[in-house]
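# Descriptive structure summary
Each chain, letter by letter, is given below.
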Amino acid sequence: MAEAADFQATSASPARRWVRRAGALLAGAPLLAGLLQLPAAAPAQAASSGTVSVALDTLTPSAPTDGDTLTVSGTVTNNGKQPVTSAHVGLRVGPMVTTRSEIDSIAQHSDDPQSAAGSEVGGKYVEKFAKLDPGVAEHFSISVPVDKLDLGADGVYEFGVSLSGQTPAQAWDQVLGVQQTFLPWQPSDAGSKTKTTFLWPLISTVHMTAKTGAGELQTPVFLNDDLAKELAPGGRLAQMVDLGKDLDVTWVIDPDLLASVDAMATGNYRLPGDNGTTTPGPKAHQAVAKQWLADLQNAVAGKEVVALPFGDPDLASLAHNGTGVTGSLSHLKDATDVAAITVKTVLHVTPTTDFAWPVEGAVDPSIMKVATSAGADRVIARSDSLQETAGLSYTPSAARPVGGGTTAVVSDARLSTAFEGDLTKADTSTLAVQQFLAQSLEVNAQTDEQRSIVVAPQRMPAASQAQAMAAALKALDGANWSQSQDLTSAAKDKPDPNATTQIPSTQYYPSSLRKQELPVSAFQQIARTQDKLDNFQVILTDRSRVVTPFGRAINREMSTSWRGRSGDAGSFRNGVEGWLDDLAAQVKLIDKSETKLSGRSATIPVTVQNNLVQPVGHLILRLTSSNPTRLKIGGKAYSEQPVEISGGHSQSVKFATAANANGRVTVVAQLYTEDGQEYGDAVSFDVKVTEVTPTVMLVIGGGVLLLVLAGFRMYTQRKRAAARQADEDGPDAAGEAGDKPGNPDAPSDRLPQEPGDSGLSTGADDPEQPSDPAPDTAAENADPSGTGERVDR
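Since this is a predicted model, take the numbers as computed values, not measurements. (Residues numbered from 1 in each chain as written. Predicted model: local features only at pLDDT ≥ 70, side-chain atom pairs only at ≥ 80, totals over all residues. Heavy atoms only, no water.)

### Digging into the overall build of the protein
A tally of regular secondary structure across the protein gives 20 helices and 31 strands. Within the protein, counting contacts between residues at least 6 apart in sequence, those at least 24 apart form 79% of the total. When the accessible surface of the protein is split by element, carbon and sulfur atoms take 52% of a total near 35700 Å². (Helix = DSSP H or I, 4+ residues; strand = E, 2+ residues; numbered from the N terminus. Contact = heavy atoms within 4.5 Å. Areas by Shrake-Rupley, 256 points an atom, 1.4 Å probe, with all protein chains shown as cover.)

This is the structure we're talking about:
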């Protein structure tokens, strides 16, 4: 980015710039005089470069004002093989720094003895060491009134701590080690103060899986117990909350983190055990999670809270590799919708959800399009991505209208990256703080126009990085050149008409970031898992028990936290899909062995088993004959019946069949959802038809006919005999004869049977066969039926 620091001739305040330059020249004069008086010192410094290392552990106050006393402490270590004698530690004030790029240059060579600028304060403001033995570190502490530093005009000054001494090989005083840093000097209020927005991110890696327990609470299963370590006192997230509560910052929170901690706080989580088992999470961690949430609720009270989409989805990966996969963008919309609900439920505050934050603020047209597709109209970019092209002499305000009603909120790259790297040592942390403050003051000095600057640090700062950030913000809060502002206000500030609004093309997206993106195959697997979930949920009576945990798990599959962890990301996706497959397989058809069918018609039972805890329905069971000419089901090639089964039960569904010929027929049973999608695996089995032959049927039919004819003949003969007897005995005798046993008109148990009672059972009243279990019983046997199963007829 081009800035005033790099284009001094275009300063918006020439008089002020002239004063600063004059101060720089005056501050550098003692150094120049010293160099002229000691011409032999330069070669000696070069020869002994790096002999002693100087660590600057503390510098307080970080931004002194009139009347302050500056205290500097640290250690000096002799890295050479010879002792250093007649040594002393001194403080050096160099010239005023006039550009931001100059600050960068000095910081890159801060420990080079040849870069030691300015002359020593001297006098009593030194600490002497008679001897520094090799490998020995000695502590020093020097306090000096600020008015003894001879600081001139307002601005940023080079400031150094040097170790001077002698070695046996070079017996004269020389600078053997130095540590350069910066001293911001703004003793009175600046004419205009920079409005500074600092984002305070609460984001972690993925912790919860898609697995939940079978009970009403649906106990979630975590990947591990690492989250408890971050929440415990001294842990990373614990320190983020503890430090952030006293700072005027904008909180940027991933709702997934809140959901995970909330699950722990209820004591309602489990951890992986041996052999696929799970164990309850420690009760002690429940108290830790509760305390962290309580502390966070207090910390964010009255502050702006920005909620990222649930799971902090990787917008760049989605834009570059996911948009070609159907349904990918719908997950981003879902993650955005659930974000506000989660934050409000857990923290009891209403968050802002209209900001999108791509990784490291790197943007291109496709990322901007995806970022705003879910409703966000403000995208947090960074100045090393959205670079200035107009040669501005200053750093412009953050807000940039980029078209389509979208605002790019451009964070300052130098300030945003100031706390990266290893800051576990006190000296590196101190240097980071001083460089941050120097850059901030230099931005303010570029012009008399007030501007809004946004600082967006790394997503997951380490505890040491968070401590350095907090130290810098506390110093900035008390400084005379800056005032705090929340992110929404920065986005609404009047944009600089001269600032660039051109989004860089995709070819300029950093290759180092592209290598870490989720691949296309990841989004294809996500789409496949979603299809399976859609198919599964159709049959459920309580869909929320499955849709909610799996929906959130799919959001986590797209998380930015998977960058640089492709193996872990793949394992997580496989785990989600595998667990969904396991659940869907709990509703299935029971295998059947060969079935024998004797007779023209019979019923064939097919058993459906539901091992889920909830009832299932909206299922259709279809039984299909591979040879309907030989065996028809329900009078046609196939028949369908609806299926509803209680949780933990099975049901036997019976199909009426009709055989037309002997032989073996393959029958296929398949479950379908009501929308016509296949559900689960089909079950195939053979039906052996042993139908009664036509010859036998003719014989049986002939026998029946003969019986009927014989009965009719007997009936007519008796009728005639009775009539003759009546004629012989007269009317009175005929009347009496009608009441005697054997009267042809009286009922007789010797009449032939009806054709339907020929002894061929229809099967309607037959007892069930052993292979036909009673429906909806917990004791259902899921084993395949035995060979030679006889079906109900």
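Back to the text.
### Describing the sheet that holds strand β26 (residues 631-633)
Strand order in the open sheet formed by 4 strands is β22-β24-β28-β26, and the pairing between neighbours is antiparallel. Every interior strand has two partners, whereas the edge strands, β22 (587-589) and β26, have only one. Looking at each pair of strands side by side, their axes are set apart by 35° on average, direction ignored. Note that β26 and strand β28 (residues 649-659) share 3 bridges and pair antiparallel. (Pairing = 2+ DSSP bridges. Axes fitted to C-alpha atoms, helices over the stretch in contact; angles between N-to-C directions.)

### Notes on the packing of aromatic side chains
Summed over the entire model, instances satisfying the criterion amount to 5 aromatic pairs. Seen in terms of ring centroids, Phe198 and Trp200 are 6.3 Å apart; in terms of plane orientation they differ by 45°. Their pairing is tilted. On the basis of relative accessible area, Phe198 is assigned to the buried category, the value being 2%. The class of Trp200 is buried, set by a relative accessible area of 0%. Look at Trp562 and Phe572: their rings are 5.4 Å apart centre to centre, the planes differ by 40°, and that puts the pair in the tilted class. Within this pair, whereas Trp562 is found in the loop between α17 (544-557) and α18 (566-584), its partner Phe572 is found in helix α18, the two being separated by 10 residues in sequence. The pair formed by Trp562 and Phe572 is uniform in burial state, with each residue classed as buried. Its end group placed over the ring of Phe685, Lys592 keeps NZ or CZ at 5.4 Å from the ring centre. The ring of Tyr672 carries Arg622 above its face, with NZ or CZ at 4.5 Å from the centroid. (Phe/Tyr/Trp six-rings, centres within 6.5 Å; stacked < 30°, edge-to-face > 60°. Buried < 20%, exposed > 50% of the residue type's maximum accessible area, 1.4 Å probe, protein only. Lys NZ or Arg CZ within 6 Å of the ring centre and 35° of its normal.)

### Observations concerning unusual backbone geometry
The omega angle of the peptide bond from Thr60 to Pro61 is -10°, so this bond is cis rather than trans. Along the polypeptide, Pro61 turns up in the loop between β1 (52-60) and β2 (69-78). Unusually for a residue other than glycine, Glu360 sits at a positive phi of about 55°. Along the chain, Glu360 turns up in the loop between β16 (355-356) and α10 (365-371). A positive phi angle, near 55°, is found at His618, a position not held by glycine. Its place among the elements puts His618 in strand β25 (residues 616-625).

### Details of α17
Over its 14 residues, α17 runs 19 Å from end to end, which matches the ideal 20 Å to within 8%, given 1.5 Å per residue. Of all 14 residues in α17, 11 are buried; the element is thus mostly enclosed. Every buried residue of α17 is accounted for by Arg545, Val546, Pro549, Phe550, Gly551, Arg552, Ala553, Ile554, Asn555, Arg556 and Glu557. On the buried face of α17, the contacting elements are β10 (208-212), α6 (255-265), α9 (328-347), α16 (520-537) and α18. (Expected span 1.5 Å × (residues − 1).)

### A word on the pattern of salt bridges
Scanning all chains against the criterion turns up 25 salt bridges. Notably, a salt bridge pairs Arg528 with Glu577, separated by 2.7 Å at the nearest N-O pair. Taken together, the positions of Arg528 in helix α16 and Glu577 in helix α18 put the pair 49 residues apart, joining distant regions of the chain. Of the residues examined, Glu577 reaches a relative accessible area of 8% and is grouped as buried. Taken together, the salt bridges that share partners define one network made up of Arg528, Lys532, Glu577 and Asp581. (Salt bridge = Lys/Arg side-chain N within 4 Å of Asp/Glu carboxyl O.)

### Here we look at helix α7 (residues 283-300)
Because an α-helix packs 3.6 residues into every turn, residues spaced three or four apart end up facing the same way. In a regular helix each residue adds 1.5 Å, so 18 residues correspond to 26 Å; α7 covers 27 Å between its end C-alpha atoms and thus fits that length. By the burial criterion, the buried members of α7 are Gln286, Ala289, Trp292, Leu293, Leu296, Ala299 and Val300. Down the axis of α7, the buried side of the element spans an arc of 155°, and every buried residue falls inside it. Counted as exposed and oriented over 90 degrees from the buried face of α7: Lys283, Ala284 and Asn298. Count one or two residues on from α7 and you reach Gly302, which has phi positive near 80°. (Arc of directions from axis to C-beta.)

### Structural notes on the pairing of β2
With 7 of 10 residues buried, β2 is to be regarded as a mostly interior element. Inspection of the sheet shows β2 paired to strand β6 (residues 137-145) by 9 bridges, in the antiparallel sense. Bridging across to β6, Ser73 finds its partner in Ser141.

### What to know about the pairing of strand β19 (residues 406-411)
In terms of burial, β19 is largely enclosed, as 6 of its 6 residues are buried. Residues Thr406, Ala408 and Val410 point to one face of β19 and Thr407, Val409 and Ser411 to the other, with burial holding for every one of them. The pairing of strand β17 (residues 378-382) with β19 spans 5 bridges and is classified as parallel. Following the sheet pairing, Val379 is matched in β19 by Ala408.

### Some points on the sheet that holds β2
Across the sheet, which stays open at both edges, the 3 strands sit in the order β1-β2-β6 with antiparallel pairing between neighbours. Two strands close off the open sheet at either side, each with one partner strand: β1 and β6. Between one strand axis and the next, the sheet turns by 20° as a mean value, whatever way the strands run. One ladder, built from 8 bridges, connects β1 with β2; its direction is antiparallel. Counted as the bridge partner of Val52 is Asn78 from β2.

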